[in-house]
Amino acid sequence: MSLDWVYYAISWILLTWHSAWDAIGVSVDAVIGTNWSWILAIIFLVVTVRVILFPVFVKQIKSQRAMQALQPKVKELQEKHKGDRETLQKEMMELYRKEKANPLMGCLPMFLQIPVFLGLFHTLRRLDPGKTQKTLYGWTVEQFDSAANAKLFSAPIAGKFGSTADELARLGASGHTVKIVAGILVAIMIATTYMTSRQMILKTGWAEDPQQRMVQRLMLYGIPVSLLVSGSIFPIGVIIYWVTNNLFTLGQQQWVLRKFPPLVTAKPNATGRTAQPAKTGGLLGRKAAPAPAKPQVTTPKVAGPKPGAKPVNPKKTRPVKRQG
């Protein structure tokens, strides 16, 4: 399947934003070793894609809420069909269908961004001054040469951590500079990727379904670890896109999770009664439960006799016997 339509779309958005920043007056020449018009074009490529995908992101949040609400029923099915994996899967799929919950919706925004990532990766990888076909996907020769010479802190956006000596020579770049800038960006990319997954899991909780939990662990640990290797082949411009996308996701998730807070399900305690959710605050976000007040034992006060009153129930005294 040809992805030319993706390359044309990504190139059009990128070139449109570059032209917009150029028209506003952002310098085309390098300032602090950086061609900001191209860096801003990549950043606002992220903004454009995320605005388009915002309705999908809202559906993702709603689907996660539905999956969270179904966790007690999922746990019941797991107990009921323990040891019968095939029946369990059928019952769970029927439950999801009946309740209109889609387990795959949580990964949909990421899947939809894969073509964008591939398109930008292909587009920036072509930015080699030695290329002869510079006018593909709607580019002009002038735009191609400008992007090929664009830099971030003196490191070309088409360069990567694993660039060969020949590639660096054609880009007119220093290998040490490229490795330092790319290495810092890869570290930021890994950290922000982990933070976005951790933020969502902490807000929605770990899934009871083993498959969902496996997906969560993959998102939390697997993808950041894989970036240690794949990050070395990403052009610096692609890493800028990835980091910007992660930061956008962190802010967007924070806004949505505050506007639509996750469900809080009360779990039964050992006595069979439903425990109320703990209030937040205090050490580690939770206040210690106050100790029950001890009942005060009070002794009834006895009123003394009034002056001149006869004693109540006086004790009988025996007469004293006289001796003799």
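You'll find the structure just up there.
Residues numbered from 1 in each chain as written. Predicted model: local features only at pLDDT ≥ 70, side-chain atom pairs only at ≥ 80, totals over all residues. Heavy atoms only, no water.

**Some words on the overall build of the protein**
Looking only at helices and strands, one finds 11 helices and two strands in the protein. In sequence order, the protein lays out its α and β elements as α-α-α-α-α-α-α-β-β-α-α-α-α. With 324 residues in all, the protein has 37% of them scored as buried. Of the contacts made within the protein by residues no fewer than 6 positions apart, 69% connect residues no fewer than 24 positions apart. (Helix = DSSP H or I, 4+ residues; strand = E, 2+ residues; numbered from the N terminus. Buried < 20%, exposed > 50% of the residue type's maximum accessible area, 1.4 Å probe, protein only. Contact = heavy atoms within 4.5 Å.)

**Points about the nonpolar core**
One broad rule of soluble globular proteins: the nonpolar side chains tend to lie buried together. Core analysis: the biggest nonpolar cluster contains 50 residues, and Leu 127, Trp 139, Phe 234 and Ile 236 have the highest contact counts within it. Among all residues touching Leu 127, those that are not within four sequence positions of it are Trp 139, Phe 144, Ala 147, Ala 148, Ile 157, Ala 158 and Leu 171. The next biggest cluster of nonpolar side chains, apart from the first, holds nine residues, and it includes Leu 70, Leu 88, Met 92 and Tyr 96. (Core = buried A, V, L, I, M, F, W, Y, C linked by side-chain atoms within 4.5 Å.)

**Describing the pattern of salt bridges**
Counting across every chain of the model gives five salt bridges. With its nearest N and O atoms 3.4 Å apart, the salt bridge here joins Glu 167 to Lys 160. Relative accessible area serves as the criterion here: at 18%, Lys 160 is assigned to the buried category. (Salt bridge = Lys/Arg side-chain N within 4 Å of Asp/Glu carboxyl O.)

**Some thoughts on the environment of Val 49**
Tracing the backbone shows Val 49 in helix H2 (residues 36–52). The class for Val 49 is buried, based on a relative accessible area of 8%. Considered as a pair, Val 49 and Leu 112 are 63 residues apart in the sequence and their alpha carbons are 9.8 Å apart. Every residue in contact with Val 49, bar those within four places of it in the chain, is listed here: Val 116 and Tyr 241.

**Focus: the packing of helix H3 (residues 54–69) against helix H6 (residues 108–125)**
One can describe the packing of H3 onto H6 by two numbers: an axis separation of 9 Å at closest approach and a directional angle of 150°. For the element pair H3 / H6, the angle class is roughly antiparallel. Contact residues: H3 offers Val 56, Phe 57 and Gln 60, while H6 offers Leu 108, Pro 109 and Leu 112. Split by residue class, the contact of H3 with H6 holds five nonpolar, one polar and no charged. (Axes fitted to C-alpha atoms, helices over the stretch in contact; angles between N-to-C directions. Parallel < 35°, antiparallel > 145°, perpendicular 65-115°, else oblique. Nonpolar A, V, L, I, M, F, W, Y, C, P; charged D, E, K, R; others polar.)

**Some words on the packing of helix H1 (residues 4–24) against H6**
The geometry of H1 relative to H6 is characterised by a closest axis approach of 9 Å and an angle of 75° between their N-to-C directions. As the angle between them shows, H1 and H6 are arranged roughly perpendicular. Side by side, H1 and H6 meet where Val 6, Tyr 7, Ile 10, Ser 11 and Leu 14 of the first sit next to Pro 115, Val 116, Leu 118, Gly 119, Leu 120, His 122 and Thr 123 of the second. Counted by class, the contact of H1 with H6 contains eight nonpolar, four polar and no charged residues.

**A look at helix H10 (residues 210–230)**
Each α-helix turn comprises 3.6 residues. Residues three or four places apart therefore point the same way. Taking 1.5 Å per residue as the helical rise, H10 with its 21 residues ought to reach 30 Å, and the 28 Å between its terminal C-alpha atoms agrees with that figure. A bend of about 40° at Leu 218 is the largest found in H10. Along H10, the residues classified as buried are Gln 212, Gln 216, Leu 220, Pro 224, Leu 227 and Ser 230. (Expected span 1.5 Å × (residues − 1). Bend = angle between axes of the 7 residues up to and from the residue.)

**Examining the side chain of Lys 160**
In this fold, Lys 160 is placed in the loop between strand E2 (155–156) and helix H8 (165–171). Of note is the side chain of Lys 160, whose polar atom sits 3.4 Å from the side chain of Glu 167. Once residues lying within four places of it in the same chain are set aside, the contact partners of Lys 160 are Glu 167, Val 178, Ala 182, Ser 232, Ile 233, Phe 234 and Pro 235. (Polar contact = N/O pair within 3.5 Å; in protein donor to acceptor, adjacent residues only side chain to side chain.)

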